[in-house]
Amino acid sequence: MSDERPEKPLPELRASDADRDRVAERLRDAVAEGRLDMEEFEERLDAAYKSRTYAELEPLTRDLPAPAAGGPAARPSAAAEPWTGRIGGAGSSTAAVAVLSGFQRKGRWTVPARLDAVAFWGGGLLDLREADFAQREVVINCIAVMGGIEITVPPGVELDVRGIGVMGAFEHSNNPGPPEPGAPRVVVTGFAFWGGVEVKVKPRKRPPGKDPLRKQL
């Protein structure tokens, strides 16, 4: 009678954060290789971070070839080190204000160490997925009065939402997953009165390593 364990974990066993993170990394590589489009990548990534067992994780990479083993060591890519070159520098602006109007920051911009965002009878959009960060930890202070502010961050960041809502709300419905090595910490704080601040976690629109303007090391 053999005591050998099966090479693959039993499907019904619970997956760990590290297991989910490994699947997410393989999916990011598949996007960079052109094997998945962004729509399918977003669906699989969302499913990966919601998976509880190996049985739920396994189908997400079943049709993807295993990473090549052996051969000469390759230079670390943006997919392997997604935050290389994205932290440090001067912030694009330190305030965003919407009074009976709106504001938005998206695409390539630099999040300052502290950003004050105000929406009064208006709305604001802060998309951090393609942004750089002035320093390792940034604070976004939101004041929403009869208005709303939406903040979108990429998976991998360390997220801390601690705002106060009075007849309003600070919402954070997505789990960003475990922080990636070298990722920034984003603190969202402030006050919402008859308004709301919503923080979402979504994958970057452009696959890692595909931005010709981003400095590659």
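Above this text you will find the structure in question.
Computed from a prediction, not measured in an experiment: that's the story for all the values here.

Undergrad: Please give an account of a nonpolar patch on the surface that cites residues and values.
TA: A surface patch of nonpolar side chains, about 1100 Å² in accessible area, is lined by Val-97, Val-99, Leu-100, Phe-120, Trp-121, Met-146, Ile-164, Val-166, Met-167, Phe-191 and Trp-194. Following the sequence through the fold, Ile-164 ends up in strand β10 (residues 164-166). Given the relative accessible area of 52%, Ile-164 is considered exposed.

Undergrad: Which residues make up the pattern of salt bridges, and what values go with them?
TA: In total, this model carries 16 salt bridges according to the counting rule given. Among the ionic pairs, Arg-62 bridges to Glu-58, the shortest N-O distance being 2.6 Å. A relative accessible area of 57% means that Arg-62 is categorised as exposed. For the salt bridge of Arg-185 with Glu-158, the shortest nitrogen-to-oxygen distance reads 3.2 Å. Of the two residues, Arg-185 sits in strand β12 (residues 185-193) while Glu-158 sits in strand β9 (residues 158-161), which places them 27 residues apart along the sequence. Residues participating in the shared-partner salt-bridge network are Glu-137, Glu-158, Asp-160, Arg-162 and Arg-185.

Undergrad: Now, about helix α1 (residues 17-32): what can you tell me, with residues and values included?
TA: With 16 residues, α1 should reach 22 Å at 1.5 Å per residue; the first-to-last C-alpha distance of 23 Å fits that figure. Among the residues of α1, those classed as buried are Asp-19, Arg-20, Val-23, Ala-24, Arg-26, Leu-27, Arg-28, Ala-30 and Val-31. Against α2 (38-50) and α3 (54-57) lie the buried residues of α1. Remark: Gly-34 follows α1 within two positions and exhibits a positive phi of approximately 85°.

Cut-offs used in this document
Residues numbered from 1 in each chain as written. Predicted model: local features only at pLDDT ≥ 70, side-chain atom pairs only at ≥ 80, totals over all residues. Heavy atoms only, no water. Patch = residues over 30% accessible without salt bridge, like charges linked within 9 Å, V, L, I, M, F, W, Y side chains within 5 Å. Areas by Shrake-Rupley, 256 points an atom, 1.4 Å probe, with all protein chains shown as cover. Salt bridge = Lys/Arg side-chain N within 4 Å of Asp/Glu carboxyl O. Helix = DSSP H or I, 4+ residues; strand = E, 2+ residues; numbered from the N terminus. Buried < 20%, exposed > 50% of the residue type's maximum accessible area, 1.4 Å probe, protein only. Expected span 1.5 Å × (residues − 1). Contact = heavy atoms within 4.5 Å.

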